[in-house]
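# Reading the structure
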Amino acid sequence: MKSKIFIACAIGLASIFTSCKEDFLDVTPTDRLTDAAVIGDSVLFEAYVINRYLGVRQADKEADGNMPGFGRGWEYALWGSLTDESIYRSDDQTWLIQRGQLSPENTGIAGSIWGRSYRSIREVNYALAHIDEVNMSQSHKNLLMAELKFIRAFRYHDLIRNYGRVVLIGDRVAELGEDFTDPALFERSSIEESINYAVQQLNEAAQGLPLEHSRTWEKGRATTGAALALKSRLLLYAASPLYNAGTWKAAADAAKDVMDLNMYSLHPDYAELFIAEEGNSDEIIFARYYNLNSRHTALEIANGPNGYDGWGGNTPLQNLVDVYMLNNGKTIDAPTSGYDPQNPYVNRDPRFYATILYNGAEYRGSPVETFVPGGKDSKDGPSSWNTSQTGYYLHKFMDDTNPIQNPWNVAGRQPWIYFRYAEILLIYAEAQNEAVGPDASVYEAVNTIRSRPGVNMPALPAGLSQAEMRALIRRERQVELAFEEHRFYDVRRWKIADITENVPAYGMELIKNGDTFTYTPKVALEGRHFEEKHYWLPIPRSEIQASGGKLEQNPGY
Amino acid sequence: MNTYLLYQNIGIFRTQEDLNNYPQAPGTRLGDLIYRDVNEDGAITADDRVRTELGNIPQIMYGVNLGATYKSFDLSVLFQGQGRVSQYVLPDVGTSGNFFSSWADNRWSPSNPAGSYPRVETRSGSAVSGGLYQNDFWLYNTAFLRLKNAEIGYSLPSGLLSKIKIENVRLYANGFNLLTFTKVKDFDPETSSSNAQFYPQQRIINLGVNVKF
């Protein structure tokens, strides 16, 4: 009995003396890693760096399948549906951009680039600020620093091409509780300064990054080629009329630097290039890869025709269809092209068939039927609400080995290609043509793309003027790079958006009468509209408010 | 609590003159709503939104339970209601769903220029008069008084029943959601869905017999 009382007292006393530790609220969280853990462990630190290729979900209708990377990438509504390439059938905040209703409070799907990019830049700066404290060889630190500078430059590239002048924050790591009243913190640099900064970062990155992927430098991480490719794209933008902040020669030289690496070449099969999960093509310079454990949205059901139980998401426009040449190398409006408006889909550039599903196209063992009455992929087919308003469906990127129905555990593994060699050739051709005119190297660059084995289009005719060559290169970009997030920026930097984006969004209505079809163009989305101010996106209202009104809005908004 | 930040509509653009006289949101056409330019800067921006007085959490909720018996009859009634409450409801319609008939029948159109509802768009969520500029046209006063439950019963005389060894027999009829007094015509005022996607409450009528041995 006595001993029991003693034990009870001892427990009581012990609890009195131990229960009031002062830091009992400072627990180490078990569901996330602390700063100290990341900096104290070289493996965790490297994982932190690699994760900077990804971003956070910022808005509704984004990151539906996986974390966002750079740009928009694989989402239900592709970035191409903000252009004359396609419209997104069920809107998802894309129509207001097509219709010129963008405003700082209504940014649609284009509202998250600002916030996500600056968040990433700060995270990169955090790693750069602390890398000295990490226990790691200096040579590996140099690699990671080069990689971080590449990622940071990519974020600035995303900012510059959408907003123009950006706020350069250098290596600063802003912390909560700091004084943010200084207007200099929100001052936007000129486009020239912004691009020069990013290019200088990329020069340093190109020096420090490895040339090739390896067991220790996995696919998906930046290489010298990726840094030089990004640099050439930025310099191409800089030389373009909208930016007017660089020279065509600098852009041509930068593209030539990538070509002179002699590491990249065109993939022979245009359609296959976009599908292989492994992406082991010599054409791919920098891409984001997916696998069974980390998939993006299931593209086949998202975009497939309603007759196949697809949802008809991003539906190509007639505006794009008309750009594809005949396979004799003539445009559809050329008098001798042989184009027949009442039989429009025969003998076209093979990339047309790889990119667009049209009435009569063989798809998964049956022809696509967009005609009325009765076509299975028209509004007379099943799930009529999933019918394309344009009469076309997307074919590019679609992997026929994926099921359309119930794809949830298998589909969504195509890589998103940020840079591929064809773009570099087109950057070179465009910049060289502007700098010195259509010399032999310009012809060679474009003809290399056109003579890719699976495409095999005739070479460009000799003796073109600079203006004729310019028009053909622009057409080649539109065709070759369709749906790869180029058109939106191209029509802006060329300052032709006030024309191209004010053309109605056309589709094609097919009426079947016996064995014959009648083709009638129709407007697929009402109210397409573009104004001068839309050359740049509006900075979201919330960002302006967060700066206390110090951040300057783009003109016109 | 749960109040809304909305543009204030002051009518419908019916003439070219209206379009000339009022600032308008981009993409506005005849038949769209006119929004009040609250800060009078000549443009419709997010600064023109106004906090609503009421939200969709009612400031008043009440109920009355009444009961009566007379001879062999019994009656119980439950009234329920709410007051000082608003609900924003913009039905998700167009190619993706169905319109309320009151909107479809009374929509502005070139052939119905006096329509009391704005013109219809391919999708209401993408419309200037809809989801792009959330506004108080779609704010409904969802105050209501509802006969939630009523029951009437009649017990058979016990003298008769005791002969066949039954203690009590009661015939009754009851009903749920029998009557609703509200200004809302298109949907159940008890909803809290802002796109009108919800399953409405059912009206249920039961007839029954209680037998006690």
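A few points on the structure. (Residues numbered from 1 in each chain as written. Chains lettered and ligands numbered in written order. Predicted model: local features only at pLDDT ≥ 70, side-chain atom pairs only at ≥ 80, totals over all residues. Heavy atoms only, no water.)

### Considerations on the overall build of chain A
Secondary structure assignment for chain A yields 19 helices and ten strands. The C-alpha radius of gyration computed for chain A amounts to 27 Å, which stays within 12% of the reference 24 Å derived for 557 residues, consistent with globular compactness. Referenced to the eigenvectors of the C-alpha coordinate spread, the extents of chain A come out at roughly 110 × 60 × 50 Å. For chain A, buried positions account for 56% of its 557 residues. Across chain A, every contact between residues at least 6 apart in sequence was considered, and the portion connecting residues at least 24 apart equals 70%. (Helix = DSSP H or I, 4+ residues; strand = E, 2+ residues; numbered from the N terminus. Rg over C-alpha atoms; globule rule 2.2 N^0.38 Å. Buried < 20%, exposed > 50% of the residue type's maximum accessible area, 1.4 Å probe, protein only. Contact = heavy atoms within 4.5 Å.)

### Some words on the nonpolar core
The tendency in soluble globular proteins is for nonpolar side chains to be buried as a group. Residue and element names in this part refer to chain A. Core analysis: the biggest nonpolar cluster contains 180 residues, and Phe45, Phe150, Tyr156, Phe286, Tyr345 and Ile424 have the highest contact counts within it. The contacts of tyrosine 156, once residues within four sequence positions are left out, are Tyr118, Ile121, Val166, Val167, Leu168, Ile169, Gly170, Tyr197 and Ala198. Core analysis: the second largest hydrophobic core is formed by six residues, Ile87, Leu317, Ala505 and Leu525 among them. (Core = buried A, V, L, I, M, F, W, Y, C linked by side-chain atoms within 4.5 Å.)

### Description of the interface of chain A and chain B
If you look at the interface, chain A gives 13 residues, while chain B gives 16 residues. Here chain A and chain B share an interface that buries about 1200 Å² over both sides, 44% of which is from carbon and sulfur atoms. The largest per-residue losses of area from chain A upon contact with chain B belong to Gln101(A), Glu105(A) and Arg541(A), which jointly make up 38% of the total buried on that side. Where chain A packs against chain B, one counts two salt bridges. Here Arg99(A) ties to Glu121(B) by a salt bridge, and the two come within 3.5 Å at their closest N and O atoms. Considering only residue class, the side of chain A that touches chain B consists of three nonpolar, five polar and five charged. (Buried area = accessible area lost by both parts, 1.4 Å probe. Salt bridge = Lys/Arg side-chain N within 4 Å of Asp/Glu carboxyl O. Nonpolar A, V, L, I, M, F, W, Y, C, P; charged D, E, K, R; others polar.)

### Some details on the sheet that holds strand β11 (residues 204–212) of chain B
All names here are of chain B. Read from one edge of the open sheet, five strands run β5-β6-β9-β10-β11, paired in antiparallel fashion. Looking at the sheet topology across the chains shown, the edges are occupied by β5 (60–70) and β11. Going from strand to strand, the sheet's axes swing by 15° on average, the running direction of each strand aside. Of the pairings in the sheet, the one linking strand β6 (residues 73–83) to strand β9 (residues 144–155) comprises ten bridges and is antiparallel in character. (Pairing = 2+ DSSP bridges. Axes fitted to C-alpha atoms, helices over the stretch in contact; angles between N-to-C directions.)

### Description of the side chain of Thr142(B)
All names here are of chain B. Relative to the elements of secondary structure, threonine 142 occurs in the loop between β8 (139–141) and β9. Given a relative accessible area of 1%, threonine 142 falls into the buried group. The contacts of threonine 142, once residues within four sequence positions are left out, are Gln82, Val85, Ser86, Gln87, Val184, Phe187 and Pro189.

### With respect to the environment of Tyr7(B)
Residues and elements named next belong to chain B. Its location among the elements puts tyrosine 7 in the loop between β1 (3–6) and β2 (9–12). The buried category is assigned to tyrosine 7, whose relative accessible area is 3%. Placed 197 residues apart in sequence, tyrosine 7 and isoleucine 204 show a C-alpha to C-alpha distance of 39 Å. Polar contacts involving the side chain of tyrosine 7 include one to the main-chain amide nitrogen of alanine 46, which spans 3.5 Å. (Polar contact = N/O pair within 3.5 Å; in protein donor to acceptor, adjacent residues only side chain to side chain.)

### Some points on the pairing of β1(B)
Residues and elements named next belong to chain B. Only one face of β1 is covered, namely the face carrying Tyr4 and Leu6; the face carrying Thr3 and Leu5 is uncovered. As defined by bridge partners, β1 adjoins strand β4 (residues 50–55) across three bridges and the pair is classed as antiparallel. Its bridge partner lying in β4, leucine 6 is registered against valine 50.

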